[in-house]
Structure formats: structure tokens, C-alpha cells
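Chain residues, written in single-letter form:
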Amino acid sequence: MSRNTHARAILGADHARLDSTKVLLVGAGGIGCELLKNVVLTGFKNITLLDLDTIDLSNLNRQFLFRKKDVKQSKALVAAKTAAAFNPDVHITPLHANIKEPQFDVAWFGGFDIVLNALDNLDARRHVNKMCMAANVPLVESGTAGYFGQVQPLLKDRTECFDCIPKPTPKTFPVCTIRSTPSQPIHCIVWAKSYLVPQLFGEDEDEGELDDAERQGENAEEIANLRKQAQAFRAVRQALRSTNDDPEAAAKAAFEKVYDADIQNLLIMKDMWRSRAPPVPLDFDTIQSGSFVLRGTPAAPQTNGTSNGTNGAATNGHSHAPGLKDQKTLTLGDNLRLFVSSAVRLAERLRAGEGTISFDKDDDDTLDFVTASSNLRSAAYGIPGKTRWEVKEMAGNIIPAIATTNAVVSGLIVLQALHLLRQAPNAIRNVHLSASKAAIPLSSSSVIPPDPGCAVCRDCYTVVRCDPTRATLGDVVHGVMGGAGREVSVFEGQRVLSDPDWDDNFERTLDSLGIVQGKFVTIVDEDDELATIAVAICLLPYNHPADGPALVLPDPLPQPGKKSKPRAVPPPSPTPLDIVPNTPAKKRRRDEVDDMPEPSAKRARVANGSPSKAQRLEEDGLIIVDAMDVVDVDADAHGDAAATTGPEVIELD
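Just so it is clear, the structure is predicted and the values come from calculations on it, not from any experiment.

Following the UniProt record, the feature "active site" (unreviewed entry) maps to C176 here. Positionally, C176 belongs in helix α6 (residues 175–179). Judged by its relative accessible area of 23%, C176 is partly exposed.

In this section: the packing of helix α2 (residues 30–42) against helix α15 (residues 403–421). Running from N to C, α2 and α15 cross one another at 45 degrees; their axes reach a closest spacing of 8 Å. The orientation of α2 relative to α15 falls into the category oblique. Two packed elements cross with a definite hand, and for α2 against α15 that hand is right-handed. Where α2 abuts α15, its residues G30, I31, E34, L35, N38, V39 and T42 lie against A403, N406, A407, V409, S410, G411, I413 and V414. For the contact of α2 with α15, the class distribution of residues is eight nonpolar, six polar and one charged.

With mixed pairing, the six strands of this open sheet are ordered in space as β14-β13-β15-β16-β12-β17. Each edge of the open sheet carries a strand with a single partner, namely β14 (495–498) and β17 (551–552). Sheet topology places strand β12 (residues 460–466) next to β17; two bridges connect them, and they run antiparallel. Its bridge partner lying in β17, R465 is registered against V552.

This next bit is on the UniProt feature "domain: Ubiquitin-activating enzyme SCCH" (unreviewed entry) in the protein chain. Listed under "domain: Ubiquitin-activating enzyme SCCH" (unreviewed entry) in the UniProt record, and renumbered for this structure, are residues 353–392. The distance from the first to the last C-alpha atom of residues 353–392 is 26 Å, and the span holds 57% helix and 0% strand.

Counting 55 residues, the largest nonpolar core has L200, F201, F255, Y259, L282, F339 and F369 as the members making the most contacts within it. Only α7 (185–201), α9 (220–241), α10 (247–267), α11 (284–289), α12 (332–351), α13 (364–381) and α14 (388–395) provide two or more residues apiece to this core. Among all residues touching F255, those that are not within four sequence positions of it are D260, L282, D283, F284, I287, L336, F339 and L376. Core analysis: the second largest hydrophobic core is formed by 40 residues, L25, F66, I114 and A118 among them.

Tracing the sequence through the fold places N98 in the loop between β3 (91–95) and α4 (106–109). As a C-alpha pair, N98 and A124 span 26 residues in sequence and 9.0 Å in three-dimensional space. Here K100 takes part through its backbone nitrogen, which lies 2.9 Å from a polar atom of the side chain of N98.

What counts, and at which threshold
Here the residue numbering is sequential within each chain, running from 1 through the sequence in written order. In keeping with the predicted nature of the model, local features appear solely for residues at pLDDT of at least 70, side-chain atom pairs appear and are counted solely at 80 or more, and the whole-chain, interface and lining totals rest on all residues. Water and hydrogen atoms were dropped before computing side-chain values, which therefore reflect all heavy atoms in the structure. UniProt positions are given in the numbering used here, feature names are shortened, and annotations may be inferred rather than shown by experiment. A helix here means a DSSP run of H or I that spans at least four residues, while a strand means a run of E at least two residues long, and both kinds are numbered starting from the N terminus. For the exposure calls, accessible area comes from a 1.4 Å probe over protein chains only, and a residue counts as buried if that area is under 20% of its type's maximum, exposed if over 50%, partly exposed in between. Fitted lines through C-alpha atoms give the axes, limited to the stretch in contact for helices. The angle between two N-to-C directions lies from 0 to 180 degrees. Orientation is classified from the angle alone, with under 35 degrees giving roughly parallel, over 145 giving roughly antiparallel, 65 to 115 giving roughly perpendicular, and any other angle giving oblique. Left-handed is the label given to a crossing in which the near helix is rotated counterclockwise from the far helix by less than a right angle, and right-handed is the label when the rotation is clockwise. It only takes one pair of heavy atoms within 4.5 Å for two residues to be counted as in contact. Gly is placed with the polar residues, together with every amino acid not listed as nonpolar (Ala, Val, Leu, Ile, Met, Phe, Trp, Tyr, Cys and Pro) or charged (Asp, Glu, Lys and Arg). Any two strands with at least two DSSP-identified bridges between them are counted as paired. Buried residues of nine kinds, namely Ala, Val, Leu, Ile, Met, Phe, Trp, Tyr and Cys, make up a nonpolar core once their side-chain atoms join them within 4.5 Å. Under the rule applied, a polar contact is a pair of N or O atoms within 3.5 Å (in protein, one hydrogen donor and one hydrogen acceptor; residues adjacent in sequence only if both atoms are side-chain atoms).

As C-alpha cells, then:
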């Protein structure tokens, strides 16, 4: 009996077609490992596996294609090598790369018969979704979180795409709450991770903004106060880095700055504490001697859920032992010792030549420091403390990953992929795995037609192959329009490149405008009557004559249809469980607002410059706003094709 006997018996004549089917598998994590094994054993023989990540020790409990010796190596390369042994006839092409790199353009996606997603973040999912819609390649989307999972087949013009589905707004916290008035453990953890660690161990801050504010006539007293605070932090930073200073003394100086001086400054603002309990400054020496009294009670061990002045992080002030010890609580004194010991370890790393240090959930030194720092802050504000294990979950935004869930979901992915390859759209289903229904954990629902107002799958896509250094924007727009006299505006992403009253960029080359391989030029009907044309920019074929034309237009030219009205929003009513990546598991409601922007024909012109720091951070899921506003995170989680987030973590700059 051959290795393909069972698969051939189940699939019949369809099994023979798998030999020539080209599969792109994006992601080699929890789902990706299971899925690669299934794809190989089903009989697919031409597989491209792409993943940007490297293997971490924490992956080994569920990503079974990896071993301890593989830690720090490429997931794609190791997974391909391991899975190749399952079938000697299989050909797996591993790519250690980012799926958003320009060489993976629409033409590249078009070379596959099906794409299987096993990704772990929202931005990459949206990118793959758009590329598959543009290339008209079937896509199977998936996600897991704990005991929950989902598989969704996506087929252009037949099913809704990933961006047809509204994504709930990420949870937010006011910046002033994080910095001055925390009331929950997560506030203290975010403060320690995103404020204190960068302040002490990150890059030195530039005072240029204070200089600018002073020149513009801002409040001189406030600026002087800010300079004083910055100078105090700078002195602590220098002490942590200087080999002439005692690292324990530097750690004590950091403690006294953060938990005594800063809190004393906050207490001066009497109005802030009229309706809330004020924080209590912490004293290093009395905590160390065991004589410190917090809110009338001597500091003593506490259990989680109480707030008698102590916190939990680990079992002692000097170790970071794994296992059950991480789930025990600490006294206030233990947190102090852990703060000092972790600060000393981090200081020694800086003195050994490590330039900057940032938080990493798998870095024991930074995890110990964040645990102790957040628990000490919680003690000052009368907030229950968290164990080291809990801090790691919350600060690392860890999503519970269960190998069995990944295995079930990966099997469902292959089943839906086979339906798509059979070109049997009536057989494809959205499938959900839910632990809330123990008797019937699996449920399915019919696929939903595309949303007529979707900004992604309702565009009219076409491909222009060109040399961006020679082809001009006018060549592309006029060529694709085919001489049509319609008034249009032209965009690249959120940049306005031209409108009916301004076509200066038409004479410029694509390369000079930053439009290169992998980019899209969007042509929007000014009258908003016809569908948007999205032009994918690809390179000329390798055999194109050197003296040939600078671009090759599509044949036939795109014929955009009438623009459809957006799908009517029904009254709020729960639908079958639909787990949306990086959002809390809940019943999806169609009245939620999609956060995917769509170019507007009447959009104001924007500058054609390089993105600011705020724009770059926003692309990474981080939004910087004013002090009294809120900070959002698009939860670029690090879980296994995460369908939901774990504890909310808000990043601050």
C-alpha cells in the first residue's frame, strides 16, 4: 500500500490534480506547522512556504516541526526541511522573508493556484487578502485563540473578502491614566513596559521639542519643570551605563526618582485627587528594612485580587525560575529586591556594550524588571498586583495557543481548499470551532456575497508591467484609461498624485514618485459613478527587449462597472460566532464600522513627502495622540494566527 492510498480513495480523480497544484502557504507558526504537514500528506507536491519569523523557545510546545537545536533559526527553512521527510516526492520552496516585500507582487501571487493563510497579524492578513483579490487567486483564511477557531474560504466575486468584514475598534486607554492616574494592573504594566524601560534603557531623548516650545513662547515654568525631570532621568541613565558607578546605587536612584520624587510631584496637584485616592510615595530604605507601612498596614504578602500593599511577580528577588514559581506572589520587599537585581542585570548588559534594551517577553531580565516595576507602582496606587506569569501574558499580549485547536483548524483549511480547487463554490463553508458548545464544537455557515461597498474586493484590478525608471504616471493612467474622457483622481495609498485640476505629476517617472514594484496606483472616478481601477505595478518580463517600450498595458483594458451602493446595514442582531483576528472573541455584528479607508475622489491634496514618525508608528498599529486623548493599538499580536487578543496591551511612545 502506497503512502497516497487513503488520500486517493477519499479524493478519487481529484487527487491526480494535486501533483501540479501550486500552493502558497503563508506562515509557519502554530497553524502553519500543522497545515504544512497536512498539505504534504494530502498529496500536494508543489508548495511555497513563506515566513519572516525565527524559532523561539516558547514555540516548541506546539510547533512540532521544530526542536530545541533549531531555536533562532528561520521557521520557513526548518519547517520545510522537516516536512520534506514526510513525502520524498514533495518539493517545498522555503522563503525567509516578509510577505509585504515588493518582489511578492500581484504577478507573483498569480503564479499560485491557491493561497493558505496561517498569519498572526491583521496588517499582513489584509495585505494577502488584497493581493489575492487583485490576482484572482482563491484564499483560505484562518485563525485560532485558545479553544476557538475559524476557517474562511475567500473567492473574488463569490464570497466576501477579509476586508468586507468589519473589525471592532481596538480597546483604548487615556494617556493621562497610564502616566498619572492608573486604576488597573494593566495600566501599571503598560507604564513599566512602554514608558519606564525605554526611559532607563532605551535611546536618549532629544530635547529639541522643548527648545522649539520655548522659542514659540510656551509656558516657561512648565518647560523648566520638564527640563528638570528630563535631567533627573538623564542622570539615572548615565549612572546605569557608567562603569564608575555602583549599579545597585544606580538602581536605588532610579527607584527614588520614579516612586518617590515623581509621586511627590503628582501629589502637589491637589485637584487631581479630589475624587480618587492619591498614590503613596515609596521609601527605598524602609521597604528594604521591612518597616515601611503602606496605607496604615505594614507591607505583607498578599494574594491576587487583594490590595493590602504587596504584589506578586516571582518567588525571590534574584531569580527568574520558570514554572509554578512564576505564579506565586511577592511581598513589597521582594518586589524591591527584584527591581534592584533586574536593574543591575540590565545595567551590566549596557556596560558590556549593548546599545539599547527594549522589552521582550522572552527576555528574563526585562520581564523581571517590568514585573517588579509594575507591582511597585500598583502598590503605590493601591492596585492588586500580578504574578510574573500574569505580567508576561499581559505585557507580551500572549494569546493562548492550544495544539489541538491548531490541528483541527488546519484540517478544515485543507478541506475548504479542496472545495475551492474543485471549483465547487456551493460546497465551501465558513467553519467555526467553539468550546462553548461541547456537544457540537464545530459549526458552519454559508459564505456571504461580497459587500458592494468594500474598498478592496469591489475595485477593478489590472496589472501593468513596466520599467518604473522610464514609465511615467501619465503613461500608466492614459494607457489604462484607453483614451476615455472621464475626469479622475489618482492615488498611491493615501497620497494624491493628481486630480482634474492638477496633473503636474503626469510627466514624472513612477520611480521618482516612489511607485515601484508591488505598489498600486488607484484611479478614482471623479463623478463617483464607475468602480475604482486599482493598477498593480509589476516589472517587465525577463525576456522583454532592452529597447522595447517602457510598459506593457493589459489586454484587454479594464472595464470598470457601475459603482454599487454599500450593503444596507441591518438592525443589530448576533450572527454565528465569527472570530476576527486580533480582536476579542465575540459574535460579529454587521453594524460595526470597518476601519479600512477608501480613497475618495474629493480628498484633499496631501504632501508628497516622507512619512513622519507618527505615520510610521501608525502603520505599525500605533497611534500617537495628545496627552488627554487615547492611544490605540491595532494589536499586531505574536500568537498563532491569532483570532483573538489576549489581555489588552497599549503601546505608548
